[in-house]
Amino acid sequence: MKELICIVCPKGCHLKVDEANDYKVYGNTCPRGEVYGKKELTNPTRVLTSTVRVVGGRQERVSVKTSCDVPKGLLPSIMDCLNDVELHAPLHRGMKVIEKVCGSDADILVTKDIEAYEE
Amino acid sequence: MRVQYDVIVIGGGPAGLASALSAKQQGAQHVLIIERDHELGGILNQCIHNGFGLHHFKEELTGPEYAGRYIDDVNNTDIEILLDTMVIEIGEDKSVYASNKEFGYMVLHATSIILNMGCRERTRGAIAIPGDRPAGVFSAGAAQRYVNIEGYMCGKRVVILGSGDIGLIMARRMSLEGAKVLACVELMPYSNGLNRNIVQCLHDYDIPLYLGHTITNIIGKDRVESVVVAKVDEKHQPIAGTEINFDCDCVLLSVGLIPENELSRSANIDMDPRTNGPVVYENMETSIEGVFAAGNVVHVHDLVDYVSDESEKAGKAAGLYVQHGAVKSNAIVYTTPGEGVGYCVPQKIRKEAIDKGVELSFRVRSVYHNVEIHICDDEKEIAKFKREHMAPGEMERVVLPNVLFDRVHGEHLHIHIQKEGVQA
């Protein structure tokens, strides 16, 4: 039995996962907790959020996210990959920046509208 | 531009956006949002992590996405917006004194005002950390703005004081950007952050959490060079001989938030010393008729979804006030926090003005397991709610349906926490 705290939502349910019994999850209060409990012990994943450089807007950075959760081990390579990105304003939420980032199933999406801006 | 508005909303963060939309939907015609930053969205703009909107939108959004949806909605109405504009004072007669580059000094008038100024961070001065005064000491929110919006890294080796959510989120953010976060230090024996943030921000990055510890010295001439961390006793006093030195160039402080109420005080609005926010009625009206308040300016929330809910309530009430005038009610019930409860919002309930029910928001004073929330009037118990787990870091909400208030006698509604099954 492994004890976990569910991170799916702010409620933070205390889960118990039985590794010996096909990762059966106890203590979850919603179906998403069950999925999380099993995944966390077999293939832990996270949604990554960060920023990339933007030119021609009123701010220097624009926020981005992975379109779905990605294996935890990929996070450092995705961060490296984002360092080389430079976008040009205007930008809109949901715009795709990178497709299938670092071989994962996730795209990198812009999460904020940035208007074009001239000094 | 006009000088007379139905509703003036002060602050264009999540609270102000929801208030303005709701007032408009309720039938207020001329609605104005005044925002001091150059864009709407408030603090959500720098909260680039996800986890927002699970209650409100039933999906997980980042801060900018959550704000973006509300901003789009506001832009689809004729709600007026003044950006880069500072409100200097509001009067008891509901005049609003403001200033910006374009129009200079302005005196505006409103039938109704909604206070949505949010909160600000406690600083090093507020908690009096001894030591030198070098560069490199930031409040966590300031650091978040530098990193996420302006694109500056504010340190390479970081110690974080306080385990509130902003501190935890910044621990992960700094780690992802290549900094080494050496420790997260918390005075209390428990964390004030959400459990999920302890897991995904500290455990994921092997950052040790020192509970029951504090920073006792900051050392450095120009830039932070090191800090001293020590264990504290039950009275929060450092214990000699337990000191640990951390070589670091950056200290982030996540040591609490203070509702920003200079404007409320300038209008002589009654304040609650427990929340540091205005005393409000069941519809978020303050002690001045037609002036409402909602969001972190009233009490500090953990979830923006609840800020939106509360602000919708205030906006709706402002819309009704503009059209139908003041709520008429004589019987007032005062909510009074008892054993284990730090504060309760709303502080005052007008029984005749209750719509479907009243939602009570409060925080407990310490960590509890398997307890009951008891709500009593001056004589007897009105309702009780079971909770498996409660902590000061998590705001609690209970809803008292309208019918329960028929049973309330006397002027007080007492809220206290007690062990399950124990008679008072």
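Let me sum up the structure you'll find in this document.

## Considering the overall build of chain B
- A tally of helices and strands in chain B yields nine helices and 29 strands.
- Compactness check: chain B gives a C-alpha radius of gyration of 22 Å against a globular reference of 22 Å for 424 residues, within 12% of the reference.
- If you line up chain B on its principal axes, its C-alpha atoms span 65 × 65 × 40 Å.
- Each of the 424 residues in chain B was classed as buried or not, and the buried ones make up 57%.
- In chain B, once contacts between residues fewer than 6 apart in sequence are set aside, the share between residues at least 24 apart is 62%.
- Computed over 40 positive and 58 negative side-chain charges, the inter-centroid distance for chain B is 2 Å.

## Describing the overall build of chain A
- Counting secondary structure elements, chain A contains two helices and ten strands.
- Projected onto its principal axes, the C-alpha coordinates of chain A cover approximately 60 × 30 × 15 Å.
- Here chain A holds 119 residues, and 44% of them are scored as buried.
- Counted over contacts in chain A with a minimum sequence separation of 6, partners at least 24 positions apart contribute 45%.
- On chain A, roughly 6400 Å² of surface is accessible, and the fraction owed to carbon and sulfur atoms is 48%.
- Put simply, chain A has 17 plus and 18 minus side-chain charges, and the middle of one group is 6 Å from the middle of the other.

## Notes on the packing of helix H5 (residues 165-176) of chain B against helix H6 (residues 195-202) of chain B
Residue and element names in this part refer to chain B.
- Axis separation between H5 and H6 bottoms out at 8 Å; the angle between their running directions is 20°. Taken together, the axes of H5 and H6 lie roughly parallel to each other. Where H5 crosses over H6, the two elements pack in a sense that is left-handed. Here Asp 165, Leu 168, Ile 169, Ala 171 and Arg 172 of H5 lie close against H6, whose contacting residues are Asn 197, Ile 198, Gln 200, Cys 201 and Leu 202.

## Some points on the sheet that holds strand S16 (residues 244-247) of chain B
Residue and element names in this part refer to chain B.
- Pairing is antiparallel in the open sheet, where three strands are placed in the order S14-S15-S16. Looking at the sheet topology across the chains shown, the edges are occupied by strand S14 (213-219) and S16. Taken over all neighbouring pairs, the strand axes of this sheet differ in orientation by 25° on average, direction set aside.
- As paired elements, S14 and strand S15 (residues 226-231) share six bridges and run antiparallel to each other. Bridge pairing in S15 places Ile 219 opposite Ser 226.

## Here's the deal with the interface of chain A and chain B
- Each partner contributes to the interface: chain A provides 29 residues, whereas chain B provides 31 residues.
- Interface of chain A and chain B: buried area, both sides summed, is about 2600 Å²; carbon and sulfur atoms make up 52% of it.
- Applying the counting rule to chain A against chain B returns six salt bridges.
- The partner of B:Asp72 in a salt bridge is A:Arg93, and the shortest N-O contact between them spans 2.8 Å.
- Counting every contact that joins chain A to chain B gives eleven residue pairs in polar contact (both at pLDDT 80 or more).
- At the level of elements, helix H1 (31-42), strand S5 (49-55), strand S6 (61-66) and helix H2 (75-83) of chain A are the ones that each hand at least two residues to the side of chain A that touches chain B.

## A word on the pattern of salt bridges
- Taken as a whole, this structure holds 29 salt bridges over all chains when the rule is applied.
- Across the pair B:Lys316 and B:Asp355 runs a salt bridge whose closest N-O atoms are separated by 3.6 Å. Of this pair, B:Lys316 sits in helix H8 (residues 304-324) while B:Asp355 is found in the loop between strand S24 (348-350) and strand S25 (357-364), placing the two residues 39 residues apart along the sequence.
- Its salt-bridge partner being B:Asp377, residue B:Lys380 comes within 3.1 Å of it at the nearest N-O pair.
- Residue class for B:Lys380 comes out partly exposed when judged on its relative accessible area of 32%.
- Of the residues examined, B:Asp377 reaches a relative accessible area of 3% and is grouped as buried.
- When salt bridges that share partners are traced, they join A:Glu40, A:Arg46, A:Lys72 and B:Asp204 into one network.

## Some details on the packing of helix H1 (residues 14-25) of chain B against helix H2 (residues 63-75) of chain B
Residue and element names in this part refer to chain B.
- Running from amino to carboxyl end, H1 crosses H2 at an angle of 35°, the nearest separation of the two axes being 10 Å. Remark: the crossing between H1 and H2 carries left-handed chirality. For the pair H1 and H2, contact is made by Leu 17, Ala 18 and Leu 21 and by Ala 67, Tyr 70, Ile 71, Asp 73 and Val 74, respectively.
- Taken together, the residues of the contact of H1 with H2 sort by class into seven nonpolar, no polar and one charged.

## Some words on the nonpolar core
Residues and elements named next belong to chain B.
- Counting 63 residues, the largest nonpolar core has Ile 8, Ile 10, Ile 90 and Leu 115 as its most contacted members.
- Looking at which element gives the most residues to this core, the answer is H8, with seven residues.
- Apart from residues no more than four positions distant in its own chain, Ile 8 is found in contact with Leu 32, Ile 34, Val 96, Leu 108, His 109, Ala 110, Ser 112, Ile 113 and Ile 114.
- Cys 344, Tyr 368, Val 371 and Leu 413 belong to the second largest nonpolar core, which has 25 residues in total.

## Structural notes on unusual backbone geometry
- Note the cis peptide between A:Ala89 and A:Pro90, where omega equals 5°.
- With respect to the secondary-structure elements, A:Pro90 resides in the loop between strand S8 (86-88) and strand S9 (96-98).
- Geometrically, the link from B:Val345 to B:Pro346 is a cis peptide bond, its omega value of 0° lying close to zero.
- Its place among the elements puts B:Pro346 in the loop between strand S23 (341-345) and S24.
- For A:Cys102, which is not a glycine, the phi torsion comes out positive at approximately 50°.
- Relative to the helices and strands, A:Cys102 is located in the loop between S9 and strand S10 (108-110).
- Of note, the phi angle at B:Asn268 is positive, near 60°, even though the residue is not glycine.

## Quick look at the sheet that holds strand S28 (residues 396-401) of chain B
Residues and elements named next belong to chain B.
- On the basis of which strands lie adjacent, the open sheet formed by three strands has the order S23-S25-S28 and antiparallel pairing. Bordering the open sheet on either side are S23 and S28, each of which pairs with just one other strand. Neighbour-to-neighbour, the strand axes of the sheet open up by a mean angle of 25°, direction not taken into account.
- With four bridges joining them, S23 and S25 adopt antiparallel strand pairing. Bridging across to S25, Tyr 343 finds its partner in Arg 363.

The rules behind these values
- Chains are numbered independently. Their residues run from 1 in the order of the written sequence.
- Key to labels: chains lettered from A, ligands numbered from 1, both in the order written.
- Residue-level local features of this predicted model are given only where pLDDT is at least 70; pairs of side-chain atoms are given and counted only at 80 or more, and the full residue set underlies all totals for whole chains, interfaces and linings.
- Side-chain metrics in this entry use all non-hydrogen atoms of the structure; hydrogen atoms and water are not considered.
- Comment: elements are numbered from the N terminus, with helices defined as DSSP H or I runs of at least four residues and strands as E runs of at least two.
- As defined in this context, the radius of gyration uses C-alpha atoms, and a globule is described by 2.2 Å times the residue total to the power 0.38.
- Per-residue accessibility, obtained with a 1.4 Å probe over protein chains only, is compared with the maximum for each type, and a residue is labelled buried under 20%, exposed over 50%, and partly exposed between these values.
- Here, two residues are considered to be in contact whenever any of their heavy atoms come within 4.5 Å of each other.
- In this charge count, Lys and Arg are treated as positive and Asp and Glu as negative; neither His nor the chain ends contribute.
- Note on charges: their place is set at NZ of Lys, CZ of Arg, CG of Asp or CD of Glu.
- All accessible areas in this document rest on Shrake-Rupley with a 1.4 Å probe, and a residue is counted as covered only by the protein chains that are shown.
- Axis geometry follows a simple rule: fit a line to the C-alpha atoms, using only the stretch in contact for helices, then measure angles between N-to-C directions, giving values from 0 to 180 degrees.
- To sort the angles, those under 35 degrees are grouped as roughly parallel, those over 145 as roughly antiparallel, those from 65 to 115 as roughly perpendicular, and the leftovers as oblique.
- The sense of a crossing depends on the near helix, which, turned anticlockwise from the far helix by less than a right angle, makes the crossing left-handed and, turned clockwise, makes it right-handed.
- Any two strands are treated as partners once DSSP identifies two or more bridges connecting them.
- Accessible surface is computed with a 1.4 Å probe, and the buried area is the amount of it that two parts give up when combined, taken over both parts together.
- Throughout this description, the term salt bridge denotes a Lys or Arg side-chain nitrogen within 4 Å of a carboxyl oxygen of Asp or Glu.
- Residues adjacent in sequence count toward polar contacts only when both atoms are side-chain atoms; beyond that, a polar contact is any pair of N or O atoms within 3.5 Å, and within protein one must be able to donate a hydrogen and the other to accept it.
- Under the grouping applied here, Gly and all other residues not named as nonpolar or charged are polar, the nonpolar ones being Ala, Val, Leu, Ile, Met, Phe, Trp, Tyr, Cys and Pro and the charged ones Asp, Glu, Lys and Arg.
- In this description, a nonpolar core means a group of buried Ala, Val, Leu, Ile, Met, Phe, Trp, Tyr and Cys residues linked to one another through side-chain atoms lying within 4.5 Å.

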